[in-house]
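# Notes for the structure review
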Amino acid sequence: MKSLVLIAAAVGGLAFPGTAAAATSFEVCSPLGCAVQSVRGTVDRGHLVAKVSDSSPVSALTVWFTESPVGRRLQVVVDDGVRWLDAGLSTGATHLTVRACGGGGCNSKTIPL
């Protein structure tokens, strides 16, 4: 059992059948709208996967993923295309704030972890 706990700690969590928490999905769009600039993703057991999309002819999309209270920040910039982010979250992070900026403004959403 001790080795199972060590392996689980190394991969970010320990789940038993029937006890796994549901993944949390999110969407944040720039002020230009979701059809033009958006970030869509999922947070599940300390892991983040996000798709950042921009089809605006006038503005790139910049997205910041900020972990609290840890303070770690990841940035993705897309100018007319799609980029994917696949990242592990820091131990001790309790919230993830996703901020999408483009078209002269920003929108954000905070996801509890």
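Anything mentioned here points back to the structure above.
In this report, we go over the structure that sits alongside the text. (Residues numbered from 1 in each chain as written. Predicted model: local features only at pLDDT ≥ 70, side-chain atom pairs only at ≥ 80, totals over all residues. Heavy atoms only, no water.)

## With respect to the pairing of strand 7 (residues 95–102)
Stated precisely, the cut-off is as follows: By definition, two strands form a pair when at least two bridges between them are found by DSSP. Each helix corresponds to a stretch of at least 4 residues labelled H or I by DSSP, and each strand to a stretch of at least 2 residues labelled E; elements are numbered beginning at the N terminus.
Pairing of strand 4 (residues 61–68) with strand 7, which is carried by 7 bridges, proceeds in the antiparallel orientation. Within strand 7, the residue paired with E67 across the bridge is L96. Both strand 7 and strand 8 (residues 105–112) contribute to a ladder of 8 bridges, which runs antiparallel. Looking across to strand 8, one finds that T97 is bridged to T110. Remark: 2 residues form the turn of the hairpin made by strand 7 and strand 8, two consecutive strands paired antiparallel; G103 in that turn has positive phi of roughly 65°.

## Focus: the pattern of salt bridges
Put simply, the rule is: We define a salt bridge as a contact between a side-chain nitrogen of Lys or Arg and a carboxyl oxygen of Asp or Glu at a distance within 4 Å.
For the coordinates displayed, the defined rule picks out 3 salt bridges. In this structure, the salt-bridge partner of D44 is R45, at a minimum N-O distance of 3.5 Å.

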